[in-house]
Amino acid sequence: MRILMVGLDNSGKTTIVLKINGEDTSVISPTLGFNIKTIGYTLNIWDVGGQKTIRSYWRNYFEQTDGLVWVVDSSDLRRLDDCRYELHNLLKEERLSGASLLIFANKQDIQGALSPDEIANVLNLEAMDNSRHWRIVGCSAYTGEGLLEGFDWLVQDVASRIYMLD
Ligand code: G3D
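Residues numbered from 1 in each chain as written. Predicted model: local features only at pLDDT ≥ 70, side-chain atom pairs only at ≥ 80, totals over all residues. Heavy atoms only, no water.

Caption draft 1: Spatial organisation of the sheet that holds strand S5 (residues 134-138). With respect to topology, 5 strands assemble into an open sheet ordered S2-S1-S3-S4-S5, the strand pairing being parallel. If you trace the sheet from one side to the other, it starts and ends with strand S2 (42-48) and S5, each paired once. Each strand axis lies, on average, 20° off the axis of its neighbour in the sheet, ignoring direction. Sheet topology note: the strand S1 (residues 2-8)/S2 ladder contains 7 bridges and is parallel. Across the sheet, Ile-3 pairs through a bridge with Leu-43, a residue of S2. Sitting on the sheet, helix H1 (residues 13-22) is in contact with S1, S2, strand S3 (67-73) and strand S4 (100-106), with an inclination near 140° to S1. On top of the sheet, helix H4 (residues 80-91) reaches S1, S2, S3 and S4; it is set at about 170° to S3, its chief contact. (Pairing = 2+ DSSP bridges. Helix = DSSP H or I, 4+ residues; strand = E, 2+ residues; numbered from the N terminus. Axes fitted to C-alpha atoms, helices over the stretch in contact; angles between N-to-C directions. Contact = heavy atoms within 4.5 Å.)

Caption draft 2: The packing of aromatic side chains, seen in detail. By the definition in use, this model includes 1 aromatic pair. The interplanar angle of 70° and the centroid separation of 5.5 Å between the aromatic rings of Phe-104 and Phe-151 together place this pair among those described as edge-to-face. With Phe-104 in strand S4 and Phe-151 in helix H6 (residues 147-165), this residue pair connects regions lying 47 residues apart in the sequence. Like Phe-151, Phe-104 is buried. (Phe/Tyr/Trp six-rings, centres within 6.5 Å; stacked < 30°, edge-to-face > 60°. Buried < 20%, exposed > 50% of the residue type's maximum accessible area, 1.4 Å probe, protein only.)

Caption draft 3: Examining the nonpolar core more closely. Formed by 26 residues in total, the largest nonpolar core has its most connected members in Val-6, Leu-68, Trp-70, Val-72, Ile-119 and Leu-125. Those elements giving two or more residues to this core turn out to be S1, S2, S3, H4, S4 and helix H5 (116-122). Examining the composition of this core, we find that 5 residues originate from one element, H4, more than from any other. Every residue in contact with Val-72, bar those within four places of it in the chain, is listed here: Ser-11, Leu-80, Cys-83, Ile-103, Phe-104, Ala-105, Asn-106, Ile-119 and Leu-123. Within the second largest apolar cluster, 16 residues are counted, among which are Ile-3, Ile-16, Val-69 and Trp-153. (Core = buried A, V, L, I, M, F, W, Y, C linked by side-chain atoms within 4.5 Å.)

Listed below in structure tokens is the structure:
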């Protein structure tokens, strides 16, 4: 399973991965019955936004992406417009059209952070293509809250699509 984790810089991507890797491996996913670390997956992480554009080099990866994780800093209200723009821009990539999309509304531990519902509104998630499988989950890479729930949904959603095709 190939997972691509993307978001503006400073949104918390690295911290999420460190937290997941540092968690007790005996933790069993409630719906999948196994930990995501045991299933075998590759994870690529990219920053988007600012001066950086989607390079043709990246497109080679898109084709092989099963699951897309978009990480939002829910406390950085000033950059939410950028965040919305970059997300919708990325979703225009035809090669990503089949990927399940998990949006992590990260940094929920920070006072004043927007809730997942508020983030969904600001990012205009309802405007996404009807065929897109997506979900938004509030999380904190600091406390670990929401991380397993989010990855659990993503992995299950990807798996159900793959099995349906078989
Ligand atoms: P990136 O990989 O997306 O660029 P990082 O982002 O993982 O480097 O995180 C950027 C900063 O946000 C880091 O702070 C990190 O500790 C902090 N951060 C990440 N996730 C959370 C979270 O859930 N809650 C809080 N409170 N902070 C978070 P520093 O100060 O090290 O740059």
